[in-house]
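Okay, here's what each chain looks like letter by letter:
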Amino acid sequence: MLELLNVNPSSGEPIYRQLHDQIVRLIVGGQLQAEDVLPSVRQMAEFLTVNPMTVSRAVQQLVDQGWIERRRGQPSIVAARNCTDKTSGGSLMQPKIDDLVTQAQQLGVELDELQTLIAKKWVAK
C-alpha cells in the first residue's frame, strides 16, 4: 500500500490533506478493501519522509470520518462501509472540479473547449 502513496511538499495543499485524500481515494476506488491492514504511522512517515505527527493528523481525520478503525495495540484497518454511503468518486473530486471550472472561466476557456481538453487527457491516460 505504501507504494500507492506520495506527497508533494511543494504543493500548496498541506501534506496531511494530500495523504488523507489519497487514502480516501484508495478506499473508494477499491484498492483498499474493508478490513485491510494499514501501515503504521511510523512506517508511512518514514516511507514518505515526513513528520510522524503529519501522518498522525491525517490518520486521525480518517478515523473521525469513519474511513478507518484504530484500536490500541492493534494495527489500523479500513472500516467496513455501508454500500449506501453517499461518498463517491465524483463527490471527492468536487473541490478540484470547482477549481478547474473557476480557472477555465478566468482564462476565458469555453465549456466545449474544456470538455475537449479533458477528453484528450482522459484518452491519453
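Residues numbered from 1 in each chain as written. Predicted model: local features only at pLDDT ≥ 70, side-chain atom pairs only at ≥ 80, totals over all residues. Heavy atoms only, no water.

As named in an unreviewed UniProt entry, the protein chain is GntR family transcriptional regulator, taken from Shewanella subflava.

Within the fold, H20 resides in helix α1 (residues 15-28). Within polar-contact distance, the side chain of H20 engages the side chain of Q65 at 2.6 Å. In this structure H20 touches A58, Q61, L62 and Q65, once residues within four positions along its chain are discounted. (Helix = DSSP H or I, 4+ residues; strand = E, 2+ residues; numbered from the N terminus. Polar contact = N/O pair within 3.5 Å; in protein donor to acceptor, adjacent residues only side chain to side chain. Contact = heavy atoms within 4.5 Å.)

Turning next to the side chain of Q18. Take Q18: it is sitting in helix α1. Not counting chain neighbours up to four residues away, the residues in contact with Q18 comprise V7, N8, S11 and E13.

As a further point, take a nonpolar patch on the surface. The grouping of M93, I97 and V101 at the surface amounts to a nonpolar patch, some 230 Å² of accessible area in total. Here V101 is to be found in helix α4 (residues 89-106). (Patch = residues over 30% accessible without salt bridge, like charges linked within 9 Å, V, L, I, M, F, W, Y side chains within 5 Å. Areas by Shrake-Rupley, 256 points an atom, 1.4 Å probe, with all protein chains shown as cover. Salt bridge = Lys/Arg side-chain N within 4 Å of Asp/Glu carboxyl O.)

UniProt tags residues 13-81 as "domain: HTH gntR-type" (unreviewed entry). Counting secondary structure, residues 13-81 comes out at 51% helix and 6% strand; the distance between its end C-alpha atoms is 27 Å. (UniProt positions renumbered as here; feature names shortened; annotations may be inferred.)

One way to put it is that helix α2 (residues 41-48) packs onto helix α3 (residues 52-64) with a least axis distance of 8 Å and a crossing angle of 125°. Relative to α3, the element α2 lies oblique. Seen along the crossing, α2 lies across α3 with a hand that is right-handed. On α3, the residues touching V41, M44 and A45 of α2 are P52, V55, S56 and V59. Across the contact of α2 with α3, the residue classes tally to 6 nonpolar, 1 polar and no charged. (Axes fitted to C-alpha atoms, helices over the stretch in contact; angles between N-to-C directions. Parallel < 35°, antiparallel > 145°, perpendicular 65-115°, else oblique. Left-handed = near helix turned anticlockwise from the far one by under 90°. Nonpolar A, V, L, I, M, F, W, Y, C, P; charged D, E, K, R; others polar.)

This next bit is on the packing of α1 against α3. Remark: α1 packs on α3, axes separated minimally by 8 Å, with the N-to-C direction vectors making an angle of 45°. Here α3 runs oblique to α1, going by the angle between their axes. Crossing of α1 against α3: the hand is right-handed. Counting all contacts with α1, which are made through I15, Y16, R17, L19, H20, I23 and V24, the residues of α3 involved are T54, V55, R57, A58, Q61 and L62. Among the residues making up the contact of α1 with α3, the classes are represented as 8 nonpolar, 3 polar and 2 charged.

Positive phi, close to 80°, is recorded for E35, a residue that is not glycine. Among the secondary structure elements, E35 is positioned in the loop between α1 and α2. Notably, T49 is not glycine yet its phi reads approximately 50°, a positive angle. Secondary-structure assignment places T49 in the loop between α2 and α3.

Here we take up the environment of V101. What makes V101 partly exposed here is its relative accessible area of 34%. V101 sits 10 residues away from L111 along the chain, and the two C-alpha atoms are 8.8 Å apart. (Buried < 20%, exposed > 50% of the residue type's maximum accessible area, 1.4 Å probe, protein only.)

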